[in-house]
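Understanding the architecture of this molecule
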Amino acid sequence: MIRALWQKLIAPIDLPLMGFTGLLLLVALIAMASASPERMAAQLMNLAVALVVMRIVAQIPPPRLMRLALPIYLAGLLLLIAVALFGDISKGARRWLNLGFMRIQPSELMKIAMPLMLAWYFQKREGMLRLKDYLFAALILGVPVALIMKQPDLGTAILVLAAGFYVIFLAGLPWKVILGLAAAALAAAPFAWHLLHDYQRQRILMLLDPEKDPLGKGFHIIQSTIAIGSGGILGKGWGQGTQAQLEFIPERHTDFIFAVWSEEFGLLGNLVLLILYALLIGRGLLIASQAATLFARLLAGAITLIFFTYAFVNMGMVSGILPVVGVPLPFISYGGTALVTLCLGIGILMSIHKNRMLVQK
Amino acid sequence: MEFKLPQEDLEQFNRRLAIAGGFVLVCFVLLFARFFWLQVIQHDYYKTRADDNRISLVPIVPNRGLIVDRHGVVLARNYSAYTLEITPSQVPDLEATIDALAEFITIEAKDRKRFKKLLEESKRFDSLPIRTRLSDEEVARFIARRYRFPGVEIKARLFRQYPKGAFASHVLGYIGRITERDLAKIEEREQEANYRGTEHFGKTGLEQHYEFELHGTTGFEQVEVDAAGRPVRTLARTAPIPGNNLTLTLDAKLQEIAEQAFGNRRGALVAIEPATGGILALVSVPNYDPNLFVDGIALVDWKELNESPDKPMVNRALNGAYPPGSTFKPFMALAALHTGKRRPEQAIADPGFFVFGNHTFRDDKKGGHGLVDMYKSIVVSCDTYYYQLANDMGIEAIAAFMGELGLGSKTGIDIEGEAEGVLPSPAWKKKRFKRPEQQKWYAGETISIGIGQGYNAYTPIQLAQAVATLANDGVMFRPHLVQYITDTKTGERRYIEPQPIKKLPWKQEHIDIIKRAMVGVNKEGTGARAFAGAEYVAAGKTGTAQVFSYKGVEHKTETMAAHLRDHALYIAFAPADKPKIALAILVENGGFGAQAAAPIARQVFDYYLLGKLPQGAAPADEAATESGE
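Residues numbered from 1 in each chain as written. Chains lettered and ligands numbered in written order. Predicted model: local features only at pLDDT ≥ 70, side-chain atom pairs only at ≥ 80, totals over all residues. Heavy atoms only, no water.

All names here are of chain B. Viewed as axis vectors pointing N to C, helix H14 (residues 329-339) and helix H17 (residues 395-404) meet at an angle of 110 degrees, and their least axial separation amounts to 10 Å. In terms of orientation, H14 lies roughly perpendicular with respect to H17. Seen from above, H14 lies across H17 with right-handed handedness. Residues Phe-331, Met-332, Leu-334, Ala-335 and His-338 of H14 touch H17, and the partners they reach there are Ile-398, Phe-401 and Met-402. Here the residues of the contact of H14 with H17 are counted per class, giving 7 nonpolar, 1 polar and no charged. (Axes fitted to C-alpha atoms, helices over the stretch in contact; angles between N-to-C directions. Helix = DSSP H or I, 4+ residues; strand = E, 2+ residues; numbered from the N terminus. Parallel < 35°, antiparallel > 145°, perpendicular 65-115°, else oblique. Left-handed = near helix turned anticlockwise from the far one by under 90°. Contact = heavy atoms within 4.5 Å. Nonpolar A, V, L, I, M, F, W, Y, C, P; charged D, E, K, R; others polar.)

Relative to the elements of secondary structure, B:Thr247 occurs in strand E10 (residues 245-248). In this structure, B:Thr247 is in contact with B:Val68, B:Asp69, B:Arg70, B:Val482, B:Gln483, B:Tyr484 and B:Thr486, ignoring residues within four places of it in sequence.

Looking now at the sheet that holds strand E1 (residues 55-60) of chain B. All names here are of chain B. Spatial ordering of the open sheet is given by E1-E8-E9, a layout of 3 strands whose pairing is antiparallel. Only two strands of the sheet have a single partner each, and these edge strands are E1 and strand E9 (231-238). Taking the axes of each pair of neighbouring strands and ignoring which way they run, one obtains an average angle of 30 degrees across the sheet. Direction of pairing for E1 relative to strand E8 (residues 219-225): antiparallel, over a ladder of 6 bridges. Of the residues in E8, the one forming a bridge with Pro-59 is Phe-220. (Pairing = 2+ DSSP bridges.)

Looking now at the packing of aromatic side chains. Scanning the entire structure with this criterion turns up 37 aromatic pairs over all chains. Note on A:Phe307 and A:Phe331: the rings are 5.5 Å apart at their centroids and 65 degrees apart in plane angle, and the pair reads as edge-to-face. Taken together, the positions of A:Phe307 in helix H13 (residues 294-318) and A:Phe331 in the loop between H13 and helix H14 (336-354) put the pair 24 residues apart, joining distant regions of the chain. Given the relative accessible area of 4%, A:Phe307 is considered buried. Looking at A:Phe331, the relative accessible area reads 1%, which means it is buried. On the basis of an interplanar angle of 50 degrees and a centroid distance of 5.0 Å, the ring pair of B:Tyr484 and B:Tyr495 is categorised as tilted. Here B:Tyr484 is found in strand E18 (residues 482-486), whereas its partner B:Tyr495 is found in strand E19 (residues 493-495), with 11 residues between them in sequence. The class of B:Tyr484 is buried, set by a relative accessible area of 10%. (Phe/Tyr/Trp six-rings, centres within 6.5 Å; stacked < 30°, edge-to-face > 60°. Buried < 20%, exposed > 50% of the residue type's maximum accessible area, 1.4 Å probe, protein only.)

What follows covers the pattern of salt bridges. Pairing is possible between side chains of opposite charge, provided their charged atoms come close. All names here are of chain B. Across all of its chains, the model carries 40 salt bridges over all chains by this definition. For Glu-207, the salt bridge goes to Arg-160, with nearest N and O atoms at 2.8 Å. Here Glu-207 is found in helix H8 (residues 205-209), whereas its partner Arg-160 is found in strand E5 (residues 152-161), with 47 residues between them in sequence. In this pair, the class of Glu-207 matches that of Arg-160, namely buried. Residues joined by salt bridges that share partners form a network here, namely Glu-85, Glu-153, Lys-155, Arg-157, Arg-177 and Glu-199. (Salt bridge = Lys/Arg side-chain N within 4 Å of Asp/Glu carboxyl O.)

Let us now look at the environment of A:Ile321. All names here are of chain A. Following the sequence through the fold, Ile-321 ends up in the loop between H13 and H14. For Ile-321, a relative accessible area of 27% gives the class partly exposed. For the pair Ile-321 and Ile-221, spaced 100 residues apart in the sequence, the C-alpha separation amounts to 9.5 Å.

What follows covers the interface of chain B and chain A. Facing 38 residues of chain B, the contacting portion of chain A comprises 54 residues. Considering only the surface of chain B that becomes buried against chain A, B:Arg16, B:Phe28 and B:Gln39 emerge as the three largest contributors, covering 18% of it. The tally of links between chain B and chain A comes to 11 residue pairs in polar contact (both at pLDDT 80 or more). Per-element accounting of the side of chain B that touches chain A gives the leading share, 22 residues, to helix H1 (residues 7-41) of chain B. Of the residues that constitute the side of chain B that touches chain A, the class distribution is 24 nonpolar, 6 polar and 8 charged. (Buried area = accessible area lost by both parts, 1.4 Å probe. Polar contact = N/O pair within 3.5 Å; in protein donor to acceptor, adjacent residues only side chain to side chain.)

Residue and element names in this part refer to chain A. Between helix H5 (residues 106-124) and helix H7 (residues 154-170), whose axes approach to 9 Å, the crossing angle comes to 15 degrees. When the axis of H5 is compared with that of H7, the two are roughly parallel. Between H5 and H7 lies a crossing whose hand is right-handed. When H5 is examined against H7, the residues Ser-107, Met-110, Lys-111, Met-114, Pro-115, Leu-118, Ala-119 and Phe-122 are found in contact with a partner set consisting of Thr-156, Leu-159, Val-160, Ala-163, Gly-164, Val-167 and Ile-168. In terms of residue class, the contact of H5 with H7 is built from 11 nonpolar, 3 polar and 1 charged.

Turning to the domain arrangement of chain B, a few remarks are in order. Residues and elements named next belong to chain B. Domain parsing of chain B yields domain 1 (57-133 + 151-248) and domain 2 (252-542 + 550-567 + 576-610). Between domain 1 and domain 2, the C-alpha centre-to-centre distance is 40 Å. In this complex, domain 1 contributes 42 residues to the contact, which on the side of domain 2 involves 41 residues. Carbon and sulfur atoms supply 57% of the area that domain 1 and domain 2 bury against each other, a total of about 3,700 Å² over both sides. (Domains from an automatic or database assignment.)

Ranked by size, the top nonpolar core spans 121 residues in total, and within it A:Leu273, A:Met315, A:Phe331 and A:Ile332 carry the most contacts. Residue contacts for A:Leu273: discarding those within four places in its chain leaves A:Leu24, A:Val27, A:Phe258, A:Trp261, A:Met315, A:Leu329 and A:Ile332. If you look at the next biggest cluster of nonpolar residues, it comprises 97 residues, including B:Ala81, B:Val270, B:Leu337 and B:Val521. (Core = buried A, V, L, I, M, F, W, Y, C linked by side-chain atoms within 4.5 Å.)

Structure (structure tokens):
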């Protein structure tokens, strides 16, 4: 009886994917216990919720996901517009929408809604793709990204943009268009500079020379690179990182948790983390290549590449090769929303994998 | 799904997927390279930076050395007290903060003014005291409200204390907060590291001269601090080594008697142990209270000290140069014997004046002293004898002899700021004046030099050194205040100057003639009244120095404005046959040396030689005993 229940419970679970995710979550708990033990209970609660969401999503078949794509996207877009008009301002940015009983951040929703929507769109246009379809896809992508950037929330905007771009790229955007866009982006960079907010420019300048303002804006990057560098090959040991324990690392349980891990477990710990991410991404790409429909393939590929983007942008930022943007380290940074979103993505991947044979049969 | 995927599209998708996978790999390799750079290649650098972050060296200021007199009486010590301190850079509105503090802690107007002065002199991130010496109750009151005052702290600090207050202040000097000038001295000595955390520095007197002995060695505590600078734990500690203690040659009780003997008159006294050069008492009155300076002097107090017509901040014993008046005569007589210009029995008939060219130099006694030999010239202080002598010797010979005796040059006492005085000579004049006609030495100028007037100007310490050298039969010591320095670490005593600096080539018989005459002064001459009934034999010489020249006009001392009255001087040593103490006294505008200065010497000798304390005050005797010093 119990055995049957268990079987039923784990039926939609993809074991390799679950395994890699589980190991990453283990890393998260180890790092969190050192960086901020008082938040362990809350993070375990978040984790429980996220795993339930993953399990639920894992058994939703892709066709049903497909039907949800357009409504979710439209809802997200409306909410973003609502934010722009009536949103709450917190820390200088208008990101939150107060629904009376709870405050939500619609840009988070877009991280999943965007690939879902674009995958749905390309599925609809399958076999009759023209250049103008890409233009329309760009519009689908561009409007929410512009709204998020206006909030301003550069981190989320980049992630949503990346998610959408991955779908379009995997859908077969011609190389000459890609190269043309890249060239145009390079040419437009100076103009884009003027469109950035002051604090965003500051962050980019910081990257170029963090020591210029060591106690002000450069403090985050300097302290995190010191933490990483002083960790050495084997690290200082769990709970022994002076940068972490003496609170020199800012935001050490959220965006900068990688610095804590890196200081205490060194290059070896970083290698373990990179390998775990690589395995997770590899598994995701494999699932994408085996998926049954174009929608499933595009969605799986995009979600997997979003995991990569999170990880790369975060680690690049903390180690001082990318500007400081608010991107958490996937599965490891503290925070319920991000964890739920990520596990939702894992759930979708699992569902796609379980349903890979259905149509081909 | 209603139709099958074209194989072509699937292949393209997989190709794109592979490209993405390749991109991921490249990015991860890039990250790994970055980690390798930071954690392997640059590891040492970042390790140091991390340690710099967390380890803070906190200096532990050593206890300043004590200053005690020759019998161990403490003259300068330290005590611990609570201060209320503000770090200006951490306080946005200083005025408002001080007002708020004043609601429950007494902060007077002078505290505010002093704080303002400190603020101007210091850096913004220094912690500056707004109130010192808080009572326990005030400490408790502040602690209860501490959360309201970021940047304000209670600190336990060591304070310098001069327990006897306004006593020997020109000897001890005082300490004050370190200024830019003090920093330059610290850098010159390469003591910057040792002065980390030190806030005070010797400003004058012994506190200044022996600053680097008294300071001690700063200890350090290696403290692990968190990002907010809060100490987490102590990693290592090097204890500070307290400053070395100074034991003076000074006798505090003697100093006290000497200071009191002046009453409220201005003046100086330097008493020296002839056999060692050790200073037994060094008085410059009025004194000031050095305690006022320790935590930054209040503006009112500073104004009062600085603007007082009595000039209490001037160390008269070292900085004041005065004409020696008749106290110069014994040295003139010795010079005459030494150079062979006079034999002791050679006598002159004194008409009461001496004519040189068309100028008449008068003796104070009308009609003169009659037949005067060397002995009598000193005992009755005959001016005419010395006018002639000076004229016969010539300025060069006088200057050479007096220069050897140390007059007109710094004695090298262990306190800063000594004046040189003026040893008149043609060479000096040439240097001193600019116009050619002023630069020439006129023979007539030599005459008044003989009685200690004219350009002559010496500091009391120079006179004391000269008389001590005479008492010591020509063996000269550098006067010094510190007998020995006790190294607090080893307990070892370092003695200062136990060796004489030179022996003057005087004949003992000449010295004895002068000494006998100086004994005569106190027995039957100008000092006889002051030394009536003394149980020891004291040798001395009185002196009266004109504040300015009266050009031969008759004047009555009693009727003159106080600040125009003559300075009273006295030099002496005792016992005459085996001198234990030699001294020079100056009473500014005191009138006659015999009346004003000699009685002070009597009190000092009575105490030092017999242990006798003075009977009440009233050293000045209004009735003039003698004229013509």
